[in-house]
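Listed here are the chains, written in short residue letters.
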Amino acid sequence: GPASGPRGPPGGGGSRYTPVGVIGRGGGGEEEEDDDDRAGSDDEATVERRQKNRAALKSLADEMVTAEEETVTETDFLQLTLDIPEKPLFKDKDGGLVIPQEPLVNVLRKFDGVSFSDVLASQQQPAQSKQGDGTVVSRKRRYKLKRLPNYLILHLSRFKKNGYFIEKNPTIVMFPVKNFDLSQYVFPEGGRDSVPSEAEVRDMSVRELKALLTKYGRSDLAENSIEKDELVSHAVDFVTTSLPDLLADKYDLVANITHELPVEVGREGKQRDPLEEGSYRCHVQHRATGQWYEMQDLSVKETMPQLIGVSESYLLIFERKGSA
């Protein structure tokens with residue numbers, strides 16, 4: 001076992017030897033420390049009191065057990081709230097802030113079914129509970145998407161209250177405007193549906209063709225088809241052009257709302273309310289021409305999709321490809 005030096009040199013004297021710890025056998029890294037107060041007294045009562053305190057602390061640590069349990073809750077959503085990671089801000093040579101950037105795929109890890117987020121503070125169970133024996137319960141959440149709607153709204157959580165002030169996270173979240181693939185974040189029950197071949201569609205009965213179109217939101221094609229040949233033609237066209245995108249969970253941006261601050265905010269070093277100082281802009285696409293427009297109040301001007309993907313987005317609205 002560990003060896004330590006004697007309390008004093010043989011034959012008396014005023015100085016004391018420092019206790020020495022040794023490494024355990026096999027080089028495993030076991031170390032012993034003695035935390036006696038070097039300026040304290042050597043009487044037996046003091047030594048005994050310290051030993052009792054250490055024993056009490058060790059006993060308390062042994063009783064603090066972390067309980068692990070898992071519960072599953074299913075819920076519908078109108079929008080998905082994404083937490084933007086905090087990043088340090090740097091100033092340029094003119095004193096302005098250099099805004100950091102983060103890809104949207106990194107922010108979406110909250111819904112990858114693996115990463116934990118929303119970690120809640122550990123709390124000790126009360127004495128009257130079933131685990132009222134000093135057990136510490138740590139609660140944390142992870143999210144898994146079972147299916148996505150045809151129109152997906154992503155809310156980038158930029159504002160938070162810090163004491164008496166409201167702060168904005170200015171990090172630019174970069175995202176694609178077209179062909180945004182979300183398949184890696186969706187975990188449907190029973191796996192993904194497969195796309196039937198053209199030959200399989202032509203062999204279906206009228207009832208099966210109508211059920212296929214209705215299942216994927218195209219009941220209008222089923223209802224407006226009079227002859228079977230017409231119904232087959234609509235079904236084949238839908239299966240070969242639209243259904244692969246529907247099942248792939250790919251989205252195109254249709255609208256984007258941004259919150260921007262004046263360029264001088266952050267240079268004067270004063271605490272400013274971003275909700276009072278900032279302004280909102282909206283980007284929308286003209287469906288017929290594909291042209292994007294930026295709107296603010298009565299101001300409407302053309303813009304490029306490349307600029308939209310690096311704006312201070314606050315709310316993103318995506319449309320599933322093949323759903324229109």
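Below or above, wherever it landed, is the structure these notes cover.

Thresholds, definitions, all that
- Within every chain, residues take consecutive numbers counted from 1 along the sequence as written.
- Reporting of local features is limited, given that this is a predicted model, to residues whose pLDDT is at least 70; pairs of side-chain atoms are given and counted only at 80 or more, and all residues count toward the totals for whole chains, interfaces and linings.
- Think of the side-chain values as coming from all heavy atoms in the structure, minus any hydrogens and water.
- Where helices and strands are cited, they refer to DSSP runs of H or I of at least four residues and of E of at least two residues respectively, numbered from the N terminus.
- Burial here depends on accessible area, computed with a 1.4 Å probe over protein chains only, as a share of the maximum for the residue type. Under 20% is buried, over 50% is exposed, and the range in between is partly exposed.
- Should any heavy atoms of two residues lie within 4.5 Å, those residues are counted as being in contact.
- Only the protein chains shown count as covering a residue, and every accessible area follows the Shrake-Rupley method with a 1.4 Å probe.
- Residue count minus one, scaled by 1.5 Å, sets the expected span of a helix.
- By construction, the arc corresponds to the directions joining the helix axis to the C-beta atoms.
- Residue types Ala, Val, Leu, Ile, Met, Phe, Trp, Tyr and Cys, when buried and joined through side-chain atoms within 4.5 Å, form a set referred to as a nonpolar core.
- In this scheme, strands are said to pair when DSSP sees at least two bridges between them.
- Definition of a polar contact: a pair of N or O atoms within 3.5 Å, with one able to donate and the other able to accept a hydrogen when the atoms are protein atoms, and with sequence-neighbouring residues admitted only if both atoms are side-chain atoms.

**Topic: the overall build of the chain**
Argument step 1. Across its full length, the chain carries nine helices and 17 strands.
Argument step 2. Counting over 324 residues, the chain shows a buried share of 28%.
Argument step 3. In the chain, of all internal contacts separated by at least 6 residues, the share reaching a separation of at least 24 is 64%.
Argument step 4. Taken as a whole, the chain presents about 21,700 Å² of accessible surface, with 50% of it coming from carbon and sulfur.

**A few points about helix α6 (residues 228-241)**
Along an α-helix, residues three or four positions apart point the same way, because every turn accommodates 3.6 residues.
Argument step 1. Across its 14 residues, α6 extends 20 Å between first and last C-alpha, which sits within 8% of the 20 Å expected from 1.5 Å per residue.
Argument step 2. If you check which residues of α6 are buried, you get L231, V232, A235, V236, F238 and V239. Summarising the axial view, the buried residues of α6 lie within an arc of 165°, below the 170-degree limit, and thus occupy one face.
Argument step 3. Along its buried surface, α6 packs onto α3 (198-202), α4 (206-215), α5 (219-223) and α7 (243-248).

**Looking at the nonpolar core**
Argument step 1. Ranked by internal contacts, the top residues of the largest apolar core, which has 25 residues, are L104, L154 and F318.
Argument step 2. The leading source of residues in this core is strand β8 (residues 151-157), at three residues.
Argument step 3. Here L104 is in contact with L82, L154, L156, V173, M174, F175, F180 and L316, once residues within four sequence places are set aside.
Argument step 4. By size, the runner-up hydrophobic cluster in this structure holds 17 residues, among which are V201, L209, L221 and V239.

**Concerning the pairing of strand β17 (residues 313-320)**
Argument step 1. Note: β8 against β17, five bridges, orientation antiparallel. Counterpart to I153 in the pairing with β17 is I317.
Argument step 2. Here seven bridges tie strand β13 (residues 250-260) to β17, and the two strands are oriented antiparallel to one another. Along β17, the bridge assignment pairs D252 with E319.

**Describing unusual backbone geometry**
Argument step 1. Unusually for a residue other than glycine, N179 sits at a positive phi of about 55°.
Argument step 2. Residue position: N179 is located in the loop between β11 (172-174) and β12 (180-181).
Argument step 3. The class for N179 is partly exposed, based on a relative accessible area of 43%.
Argument step 4. Notably, D297 is not glycine yet its phi reads approximately 55°, a positive angle.
Argument step 5. For D297, the position within the fold is in the loop between β15 (292-296) and β16 (299-303).

**Describing the side chain of K321**
Argument step 1. Its location among the elements puts K321 in the segment after β17.
Argument step 2. For K321, a relative accessible area of 17% translates into the label buried.
Argument step 3. Within polar-contact distance, the side chain of K321 engages the side chain of N179 at 3.3 Å.

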